[in-house]
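# Inside the fold
Take a look at the letters that make up each chain.
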Amino acid sequence: MTVARITRRTLVYDGWYKFYRLDVEMPDGTMVERHLLDNGSAVAVLPYDPVRRVCMLIDQPRAGVLAAGEPPVLEAIAGNLDGAAPEARIVEEAFEEGGLRIAALEPVTNMWSLCPASTERVQLYLAQYAHHDRVAAGGGAHDEDENITVHEIGLDDLRAMTLSGALTDAKTLILAQALLLKHPHLWEKRD
């Protein structure tokens, strides 16, 4: 079996992320140009409280959303790995962004976020929390200018947003669907 291969990689931009121009030899021998955003790997979590029947989402200014002229997008808590282990990193992010202590992580998947043009893979988790686990305001790391707003959303509202298409961030939609599929008891009728 013949596979495609990169024959040349040219660095075009080196800043917060790296951007490359690639020359790729396709399996049939054709040479094509491709572009690659090297932004490393990341991690994301959807924390949920089964007792109060809420989950935690955030919003923050995002360049793509701003450029489209759209309102902020609700997202799961997330962050770049920057060389850290996924489990350790998401515990840090949950505290920084949501003011939340989480411990037991339930792995969902390690997804490609945009495989045609990015190296990024995002390890996704679900995590239970309780009211007393909210120990700080959140909002992001002070030196990162994230400007994060924290939201606790009712699980019924999360389900409605998931089914209606109102959740437009891919990682968040996948996590919400995973919560619906893995924990259907959260939506069972109560006496």
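As the structure is a computational prediction, the values presented were derived from the model and not from experiment. (Residues numbered from 1 in each chain as written. Predicted model: local features only at pLDDT ≥ 70, side-chain atom pairs only at ≥ 80, totals over all residues. Heavy atoms only, no water.)

## Considering the packing of helix α3 (residues 155–164) against helix α4 (residues 170–182)
When two helices pack together, their arrangement is given by the angle between the helix axes and the distance between those axes. Interhelical geometry of α3 versus α4 gives an angle of 120 degrees and a closest axis separation of 10 Å. Read as a crossing pair, α3 and α4 show a hand that is left-handed. Along the contact surface, α3 presents Leu155, Leu158, Arg159 and Thr162, while α4 presents Leu173, Ala176, Gln177, Leu179 and Leu180. Broken down by class, the residue content of the contact of α3 with α4 amounts to six nonpolar, two polar and one charged. (Axes fitted to C-alpha atoms, helices over the stretch in contact; angles between N-to-C directions. Helix = DSSP H or I, 4+ residues; strand = E, 2+ residues; numbered from the N terminus. Left-handed = near helix turned anticlockwise from the far one by under 90°. Contact = heavy atoms within 4.5 Å. Nonpolar A, V, L, I, M, F, W, Y, C, P; charged D, E, K, R; others polar.)

## Focus: unusual backbone geometry
The residue Arg53 is not glycine, and still its phi comes out positive at about 60 degrees. Along the chain, Arg53 falls in the loop between β4 (42–49) and β5 (54–59). Within the chain, Asn147 stands out as a residue other than glycine whose phi angle is a positive 55 degrees. Summarising the element assignment, Asn147 is placed in the loop between β8 (121–128) and β9 (149–154). The exposure class of Asn147 is exposed, given its relative accessible area of 58%. (Buried < 20%, exposed > 50% of the residue type's maximum accessible area, 1.4 Å probe, protein only.)

## Some thoughts on α4
Relative to the 18 Å expected for 13 residues at 1.5 Å per residue, α4 spans 18 Å between its end C-alpha atoms, a close match to the ideal helical length. Inspection of α4 places Lys171, Thr172, Leu175, Ala176, Ala178, Leu179 and Leu180 among the buried residues, and these make up the whole buried set. (Expected span 1.5 Å × (residues − 1).)

## Some thoughts on the pattern of salt bridges
Summed over the entire model, instances satisfying the criterion amount to 14 salt bridges. For Arg5, the salt bridge identified is with Glu25, shortest N-O distance 2.9 Å. You can see Arg5 sitting in strand β1 (residues 5–14) and its partner Glu25 sitting in strand β2 (residues 18–25), a full 20 residues away along the chain. Under the relative-accessibility criterion, Glu25 is labelled partly exposed at 24%. Measuring nitrogen to oxygen at the nearest pair gives 3.8 Å for the salt bridge that ties Lys182 to Glu106. Placement of the pair is Lys182 in helix α4 and Glu106 in strand β7 (residues 105–112), with a sequence separation of 76 residues. Under the relative-accessibility criterion, Lys182 is labelled partly exposed at 40%. (Salt bridge = Lys/Arg side-chain N within 4 Å of Asp/Glu carboxyl O.)

## Re the packing of aromatic side chains
Applying the stated criterion across every chain, the model contains one aromatic pair. Pairing Trp16 with Tyr17 gives two aromatic rings, centres 6.3 Å apart and planes at 80 degrees, and the pair type is edge-to-face. On the basis of relative accessibility, which here comes to 71%, the residue Trp16 falls in the exposed class. (Phe/Tyr/Trp six-rings, centres within 6.5 Å; stacked < 30°, edge-to-face > 60°.)

## Focus: α3
Residues of α3 that are buried: Leu155, Leu158, Met161 and Thr162. One face of α3 carries all of its buried residues, which in axial projection span an arc of 120 degrees. Away from the buried face of α3 by more than 90 degrees, exposed residues Leu163 and Ser164 are located. Buried residues in α3 make contact with β4, β5, β9 and α4. Just downstream of α3, Gly165 is the residue with a positive phi angle, here 90 degrees. (Arc of directions from axis to C-beta.)

## Remarks on the sheet that holds β1
With respect to topology, three strands assemble into an open sheet ordered β1-β2-β3, the strand pairing being antiparallel. Because the sheet does not close on itself, it has two edges, and the strands there are β1 and β3 (31–38). Neighbour to neighbour, the strand axes of the sheet diverge by 25 degrees on average, direction disregarded. The sheet contact formed by β2 and β3 spans eight bridges and is antiparallel. (Pairing = 2+ DSSP bridges.)

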